[in-house]
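Chain by chain, the residues run as shown.
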Amino acid sequence: MEGFLLNCNKEFMDKYILAIDAGTTSSRAIIFNKNAEVIEIAQYEFNQFFPKEGWVEHDAVEIWNTQLKAIKDVVNKSKIDPNQIDSIGITNQRETTIIWDKQTGKPVYNAIVWQDRRTASFCDELIEKNKTSLIQQKTGLVIDAYFSGTKIKWILDSNQELREKANDNKLLFGTVDTWLIWNLTNGKSHITDPSNASRTLLYNIKDDKWDKDLLDLFDVPENILPNVVDSSSVSTNIDKEILGVEITISGIAGDQQAALFGQLCINEGDIKNTYGTGCFCMMNTGENFVMSKNKMLSTIAWRINGEITYALEGSVFVAGALIQWLRDQLGIIKSSPEVEELAKTVIDNGGLTFVPALSGLAAPYWDPYVQGTIFGITRGTENGHIARAALESIALRTRDIVIEMEKDAGIKFKDLKVDGGASNNNLLMQIQANLLSTNVVRPKTTETTALGVAFLAGLATGFWKDISDLKKLWIEDMSFNPDSNFNSNDIIELWQDRINKLLKVNE
Ligand code: ADP
């Protein structure tokens, strides 16, 4: 690493990349140097609105204001001159839907957040009309309220005036990347990238364009949609008013795809899992759009130089959230990291299986009604067993997904790259390696999402020359190798047997 720095040319050594990480609960801005080290971070939370059961909204203006504040703050705090910012990358919460007036720039409705379920009944109608296969073949997605398409329709249907304005070319739609770029460029650029577009239910990921049939199905006029540019390309400049100089925006990607890139999962079969509140697992499937037979999502990972890379995605709704439940509801730990110590007070799970279905089970079971269950409690059961079974359950749910992904893609992966808050739990990572019989590798930098979009931005401008340049910057923190003495088979067998029993109860 040192050698590399001494040997490489000094160009760009006093330059930086500004990564904008527009998350679900906060707006963050991070400055990376040429060694891909975090120089400074600024972060502001914004309000979450829950106007009705199942509805989740954000104030799009507040998202913009907090993001702008974070951008200005991070530059001030880092004491770098804005002229030293080589370029900007933007990564964002995906699917969240914003529609605004082209002339005034004012949102016509709150941002409808990805978690919002208000369009679930319309999704049921589409399923009843047998649209599932059409939609999967064009978009790689399942029909679900999660994605933007039905949210756009809901906003436009909520008010006749809005529908007319949309038809009259007076409104614009965007996911959070598009909204921020439109504001950063003072209304000059209305753009997104394929990784974000592929989460709308309106984008044909095979043909790489907005799909006329889908626009008809969701009643969305094409004129409100953004232009789709490469995920890594010099696409536009921010307005001079923002930081005093025009700066290039050259990286755009949805958060999970950015994390995949930040983990340098750039070859077919490379896979990463993010252990946060839930788990987000993604496998690079190269130039292949894999049609999942197991209800995984197919999606665009990124488009670089006009070439699309695809990915398979599967998520677990409850992962770190289960540890929060042990902390807040059961009260057997005081902080999330304490779960590791508690689990180490016992040598095994004492016969427990924890099915973490605290809000149903997603892929590959897709049963929204199944409930969280602990099997095997006896008079000898201790808190330590519950903690250990909880950690095992996170690893088992990840295994469920990884196995199906391998089947779908016909690829056996090599290492699982990990990130997210709960990936700091060494015991959990070791259990994961044991249950998958594969190496689990954790990088030094935990900011993989922001790093990914910084990589995309820096590649486009020549800040980093090529992928081999990036590989020198991805540094391993720890690798966990499978322990053959661990009773993986027993745990997996019990898990499969008990989860099947549980699913049967609901039939
Ligand atoms: P998100 O981005 O979804 O908010 P983070 O990546 O910040 O999530 O991770 C936070 C989650 O990770 C919380 O649910 C927390 O319970 C869990 N977590 C954090 N540290 C640990 C740990 N050492 N062991 C297990 N879980 C942890």
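Owing to the predicted nature of the structure, the values given are computational and were not obtained by experimental measurement.

Parameters at a glance
- Residues numbered from 1 in each chain as written.
- Predicted model: local features only at pLDDT ≥ 70, side-chain atom pairs only at ≥ 80, totals over all residues.
- Heavy atoms only, no water.
- pLDDT = per-residue confidence, 0-100.
- Contact = heavy atoms within 4.5 Å.
- Phe/Tyr/Trp six-rings, centres within 6.5 Å; stacked < 30°, edge-to-face > 60°.
- Helix = DSSP H or I, 4+ residues; strand = E, 2+ residues; numbered from the N terminus.
- Buried < 20%, exposed > 50% of the residue type's maximum accessible area, 1.4 Å probe, protein only.
- Lys NZ or Arg CZ within 6 Å of the ring centre and 35° of its normal.
- 1 Å grid on protein atoms, 1.4 Å probe; cavity = no way out; pocket = protein on both sides within 12 Å on 5 of 7 lines; lining within 4 Å.
- Points joined across faces, edges and corners; volume = space filled by probe spheres on them.
- Nonpolar A, V, L, I, M, F, W, Y, C, P; charged D, E, K, R; others polar.
- Disulfide = S-S within 2.5 Å.
- Near = heavy atom within 4 Å.
- Polar contact = N/O pair within 3.5 Å; in protein donor to acceptor, adjacent residues only side chain to side chain.
- Areas by Shrake-Rupley, 256 points an atom, 1.4 Å probe, with all protein chains shown as cover.

1. Things to note about the confidence of the model for the protein chain
Of the residues in the protein chain, 97% reach a pLDDT of 70 or more, and the chain-wide mean stands at 93. Scored below 50 in pLDDT, residues 1-9 makes 10 contacts in the model with residues more than four places away or belonging to other chains.

2. Some points on the packing of aromatic side chains
The geometry of an aromatic ring pair is captured by the separation of the ring centres together with the interplanar angle, meaning the angle of the planes. Applying the stated criterion across every chain yields a total of 13 aromatic pairs. Summarising the aromatic geometry, the rings of Trp-55 and Trp-154 are spaced 5.4 Å apart at their centres and angled 80 degrees between planes, so their arrangement reads as edge-to-face. Taken together, the residues Trp-55 in the loop between β3 (38-45) and β4 (57-58) and Trp-154 in helix α5 (residues 148-157) connect sequence positions 99 residues apart. Plain terms: the ring middles of Tyr-146 and Phe-147 are 4.7 Å apart, the flat faces sit at 40 degrees to each other, and that makes the pair tilted. For the pair Tyr-146 and Phe-147, a shared accessibility class is recorded, and that class is buried. Here the aromatic residues Trp-55, Tyr-109 and Trp-154 are joined through ring pairs into a cluster of three or more. For Lys-153, the ring lying beneath its charged end belongs to Phe-122, and the centroid distance is 5.2 Å. The aromatic ring of Trp-474 is capped on one face by Lys-417, whose charged end is 4.3 Å from the ring centroid.

3. Topic: the layout of surface pockets
To locate leftover empty space, one rolls a probe as large as a water molecule over the atoms. The volume enclosed by the second largest pocket comes to roughly 270 Å³. Lining the second largest pocket are 14 residues, with Leu-264, Asp-270, Lys-414, Asp-415 and Lys-417 positioned closest to its centre. Per-class residue counts for the lining of the second largest pocket are five nonpolar, two polar and seven charged.

4. Examining the state of the cysteines
A covalent bond between the sulfur atoms of two cysteines is referred to as a disulfide. Tallied over the full model, the rule gives zero disulfides. In this structure Cys-265 is a free cysteine whose sulfur lies 9.5 Å from that of Cys-281, the closest cysteine sulfur available. Judged by its relative accessible area of 2%, Cys-265 is buried. For Cys-279, which is in no disulfide, the shortest distance to another cysteine sulfur is to Cys-281 and amounts to 8.0 Å. Taking the relative accessible area as the measure of exposure, Cys-279 reaches 2% and is therefore buried.

5. Comments concerning the site of the ligand
Taken together, 13 residues are adjacent to the ligand, and Thr-277, Gly-320, Ser-336, Gly-421 and Asn-425 come closest. Thr-277 has a polar side-chain atom sitting 2.6 Å from an oxygen atom of the ligand. A distance of 3.4 Å separates an oxygen atom of the ligand from a polar side-chain atom of Gln-324. The protein chains hide 67% of the 580 Å² of surface that the ligand would expose on its own. With four residues, the single largest contributor to the shell around the ligand is helix α12 (residues 320-330). Residues of the shell around the ligand, tallied by class, amount to five nonpolar, eight polar and no charged.

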